[in-house]
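# Working through the structure, step by step
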Amino acid sequence: MLRQIVLLSLFLFSTGLYGILTRRSSVGLFIAIEMMINAAIINFVAFNRFLAPSHIDGQVMGIFAMALAAAEVLVGMAILVMLFRQRKNTDIQSMNSLKH
Amino acid sequence: MNIFLPELTVLATGLIVLIYDLFAIKKDNSKFSTYFSLLGLILAFVLVALGDSGQALGGRFAVEGIEPWFKLIFLGSSILTLTFTAETFTSKAQEKLNHPAEFHTMMLFSITGMMFLVSSRDLISLYVSLELATIPLFLLAAWTKNIRSGEGSLKYLLSGALASAILLYGFGLLYGLTGEMSLAQIGPKLTANPALWLAAGMVLAGVGFKLTLFPFHMWAPDTYESAPTSITAFLSVASKAAGLALFFQLYYRVFSTHTLSFQFIISLFAAATMTLGNVVAIKQKNIKRFMAYSAISQAGYLMMGFLGTSHESTASIIFYLLVYALTNLTAFAVIVHHTHNQDDESIEGLRGLSLSHPILALIFMIALFGLAGIPPLSGFVGKFFLFSVAAKSGYYWLVTIAALNSTVSLYYYLRIIRQMYIEPLNPQEHPMKSSGLFKMGLGIGVLGSVVCGLIPMIYEHIDTNTIEWLSTLHVLGMK
């Protein structure tokens, strides 16, 4: 059972990574990062359940990681809204105003 | 309870500054928030300096040996940053900062996170404090609210969030391999297997982002260039110190039984980082972008300290971090002052500075020579210790590369000095007025960056604390 769950989390993580490399919209990037964090959380909870069931450390970490991911995306969205008001799009490929 | 006092002081100061602003009658209270934040930080600085070692929360929070040094570097660099940030709230430049109370609160929260980061002893508090240190910096980088600043901040945020997701996955693997959350208990239980190397690689990627190591440095030039200049200073010093603190925690505690397997890859990172930083810095035109690449190459030098197998290597990293913080902040104090008064971020904008402001130009020259590592200055002493650490471990090729890089770096630091001393005066230069607070911060910075190398007591003190600290750990091959 643990094997399947770890494979699921690996799949989620890889999908997230693929999304980051291919997505053009900033919102899409946030979703991809969220997927990667969730993959890590699944890992924590599964390892907790199957390998160290005497403590609930892994689940606590899962809750904290969820809250922190929400905080991170919140800040990201605030910055994105500010940018969107000025640029009228969220396409990251057009964000090249900082030159070498 | 006493152990928490410095962290709680910083946190409480941040909250008071924020709440005072909410109820303040006068709308422009940048003076209050600057001075009150400085007061809180100095109080915390004194508390850390006088504080004892000990543990709290069932061993999840501890202060031992070298942790006070890290906290002093965080607090000291934020004090210096605030001394030259104060005038950017009232300046007329394009990059004028608004909302001083929120600005200071964010900064104080970030410092609280960094201080907890050094002292945390399990994966949960390590990750939470890392995020507390990083998330406010995303906001601070976007503080000027224009397109460039937002773009730089978004790049910082996306790569930061990606790095922290990868780091979290690495932590998950470490937890899965051992079933433990406490850093001290993970270490002895780790055995060499492919999953461990995957976890180690992910952790290195997460740390490399904060330390701006070579393949993970992409965000740094853009963010440094577009962020408010005082935040660039804070990012290049305090945030880098936090990354180093994170790597200390993981390298000496979690991977303590496998440190020797890391050495080769660390030497590669160090060589690549310092070479890239130096080579790209040569052709930069924007002073902030230039300092970004200079900071990247300095991170490469810092990594050399991890190659050692004795207490001297650890001590030399902390000593160089201290020296780098003081020297870099001195350089940035002049840059902040100049860019805010002239509204010009190009290196050429500095031309003829020695004619109009001889003392400012002299201080900037001392700081740049310190970063390049010219003998009487402390930058030289710090670099000498780091290079000798690598040489003692037999990494002669790395020392050769580092010495060559130092020579290259002298060339581009001298480029700025040439602009200041040889070129004629910039005809568009506006008169610059400096406040007392700015002068004080600049004085402390330049004094520190000269004196640290001359007084042996500082290094000896760090060395004693390091021996004490290492004796509580069981690091393979460490004497």
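An account of the accompanying structure is given in this report. Predicted model only: the values in this text are computed from it and were never measured.

Scanning chain A from terminus to terminus reveals three helices and zero strands. Ordered by position from N to C terminus, the α and β elements of chain A give α-α-α. Its C-alpha atoms give chain A a radius of gyration of 17 Å, more than 25% over the compact-globule value 13 Å for 100 residues. Principal-axis analysis of the C-alpha atoms gives chain A an extent of 50 × 25 × 25 Å. Considering only contacts in chain A between residues 6 or more positions apart, those separated by 24 or more positions represent 59%. In the form shown here, chain A has an accessible surface area of approximately 5600 Å², with 67% of it arising from carbon and sulfur atoms. With 8 positive and 4 negative side-chain charges, chain A shows a separation of 11 Å between the mean positions of the two kinds.

What follows covers the overall build of chain B. Each helix and strand counted, chain B has 19 helices and two strands in total. The C-alpha atoms of chain B give 21 Å as radius of gyration, which agrees with the globular expectation for 479 residues (23 Å, within 12%). Dimensions of chain B, computed from C-alpha atoms along their principal axes, come out at roughly 65 × 55 × 40 Å. Considering only contacts within chain B whose residues lie at least 6 apart along the sequence, 82% involve residues at least 24 apart. Carbon and sulfur atoms form 70% of the exposed surface of chain B, whose accessible area is close to 16400 Å². Of note, chain B has its 27 positive side-chain charges centred 4 Å away from the centre of its 25 negative side-chain charges.

The next thing to look at is the nonpolar core. All names here are of chain B. Counting residues in hydrophobic clusters, the biggest one holds 191 residues, and the most contacted among them are F70, F74, F171, F248, F255, F306 and F364. It is helix α13 (residues 311–342) that provides the largest number of residues to this core, a total of 18 residues. F255 has contacts with L174, L190, L196, A200, V203, L250 and F262, leaving out every residue within four places of it along the chain. Grouped together as the second largest cluster of nonpolar side chains are five residues, F4, A56, F61 and V63 included.

Now for unusual backbone geometry. Backbone geometry at K88 of chain A places phi at a positive 65°, although glycine is not the residue there. According to the relative accessible area criterion, K88 of chain A is exposed, its value standing at 62%. Residues other than glycine seldom take positive phi values, yet H99 of chain B does so here, at roughly 50°.

Another point: the interface of chain A and chain B. Each partner contributes to the interface: chain A provides 44 residues, whereas chain B provides 41 residues. Taking both sides of the interface into account, the surface hidden between chain A and chain B amounts to around 3700 Å²; carbon and sulfur atoms contribute 77%. At the boundary of chain A and chain B, one finds one salt bridge. A salt bridge links E151 of chain B to R87 of chain A; the shortest N-O distance between them is 3.6 Å. Counting the contacts that link chain A with chain B gives six residue pairs in polar contact (both at pLDDT 80 or more). Those elements that provide at least two residues to the side of chain A that touches chain B are α1 (2–22), α2 (26–50) and α3 (57–87) of chain A. The element best represented in the side of chain A that touches chain B is α3 of chain A, accounting for 17 residues. Its residues placed into classes, the side of chain A that touches chain B shows 30 nonpolar, 10 polar and four charged.

Another aspect to go through is the packing of helix α9 (residues 219–226) of chain B against helix α12 (residues 287–304) of chain B. All names here are of chain B. Packing of α9 against α12 brings their axes to within 8 Å, and their N-to-C directions diverge by 140°. The angle between the axes of α9 and α12 places the two elements in the oblique class. Relative to α12, α9 is oriented so that their crossing is right-handed. Residues A220, P221, D222, Y224 and E225 of α9 touch α12, and the partners they reach there are K288, R289, A292, Y293, A295 and I296. Its residues assigned to classes, the contact of α9 with α12 comprises seven nonpolar, no polar and four charged.

Turning our attention to the side chain of H311 of chain B. Structurally, H311 of chain B can be placed in helix α13. A distance of 2.9 Å separates a polar atom in the side chain of H311 of chain B from a polar atom in the side chain of D463 of chain B.

Here the focus is the side chain of S297 of chain B. Residues and elements named next belong to chain B. Topologically, S297 is positioned in helix α12. Taking the relative accessible area as the measure of exposure, S297 reaches 1% and is therefore buried. Polar side-chain contacts of S297 include one of 2.8 Å to the backbone oxygen of S294. Aside from chain neighbours lying at most four places away, what touches S297 is T273, M274, G277, N278 and Y412.

What follows is about the packing of aromatic side chains. Applying the stated criterion across every chain, the model contains 39 aromatic pairs over all chains. Note on F216 of chain B and F269 of chain B: the rings are 6.2 Å apart at their centroids and 40° apart in plane angle, and the pair reads as tilted. Highlighted residues: F216 of chain B in the loop between α8 (194–211) and α9 and F269 of chain B in helix α11 (residues 259–281), separated in sequence by 53 residues. Note on F216 of chain B: relative accessible area 27%, which makes it partly exposed. In this structure an aromatic cluster arises from ring pairing among F70, F74, F247, F248, Y251, Y252, F255, F262, F306 and W469 of chain B. A cation over a ring is seen here: R49 of chain A above F50 of chain A, with NZ or CZ 5.2 Å from the ring centre.

Quick look at the pattern of salt bridges now. The full count for this structure, using the stated rule, is 16 salt bridges over all chains. Of the charged contacts in the structure, one is a salt bridge between E7 of chain B and K71 of chain B, with a shortest N-O distance of 2.6 Å. Of this pair, E7 of chain B sits in helix α1 (residues 5–23) while K71 of chain B is found in helix α3 (residues 67–85), placing the two residues 64 residues apart along the sequence. By the burial criterion, E7 of chain B is buried, and K71 of chain B matches it. A salt bridge links K155 of chain B to D222 of chain B; the shortest N-O distance between them is 2.8 Å. Within this pair, whereas K155 of chain B is found in helix α6 (residues 147–178), its partner D222 of chain B is found in helix α9, the two being separated by 67 residues in sequence. Classification of D222 of chain B as buried rests on a relative accessible area of 11%. Taken together, the shared-partner salt bridges in this structure form one network comprising R87 of chain A together with R148, E151, K155, D222, E225 and R289 of chain B.

Parameters and conventions
- Residues numbered from 1 in each chain as written.
- Chains lettered and ligands numbered in written order.
- Predicted model: local features only at pLDDT ≥ 70, side-chain atom pairs only at ≥ 80, totals over all residues.
- Heavy atoms only, no water.
- Helix = DSSP H or I, 4+ residues; strand = E, 2+ residues; numbered from the N terminus.
- Rg over C-alpha atoms; globule rule 2.2 N^0.38 Å.
- Contact = heavy atoms within 4.5 Å.
- Areas by Shrake-Rupley, 256 points an atom, 1.4 Å probe, with all protein chains shown as cover.
- Lys, Arg positive; Asp, Glu negative; His and termini not counted.
- Charge placed at Lys NZ, Arg CZ, Asp CG, Glu CD.
- Core = buried A, V, L, I, M, F, W, Y, C linked by side-chain atoms within 4.5 Å.
- Buried < 20%, exposed > 50% of the residue type's maximum accessible area, 1.4 Å probe, protein only.
- Buried area = accessible area lost by both parts, 1.4 Å probe.
- Salt bridge = Lys/Arg side-chain N within 4 Å of Asp/Glu carboxyl O.
- Polar contact = N/O pair within 3.5 Å; in protein donor to acceptor, adjacent residues only side chain to side chain.
- Nonpolar A, V, L, I, M, F, W, Y, C, P; charged D, E, K, R; others polar.
- Axes fitted to C-alpha atoms, helices over the stretch in contact; angles between N-to-C directions.
- Parallel < 35°, antiparallel > 145°, perpendicular 65-115°, else oblique.
- Left-handed = near helix turned anticlockwise from the far one by under 90°.
- Phe/Tyr/Trp six-rings, centres within 6.5 Å; stacked < 30°, edge-to-face > 60°.
- Lys NZ or Arg CZ within 6 Å of the ring centre and 35° of its normal.

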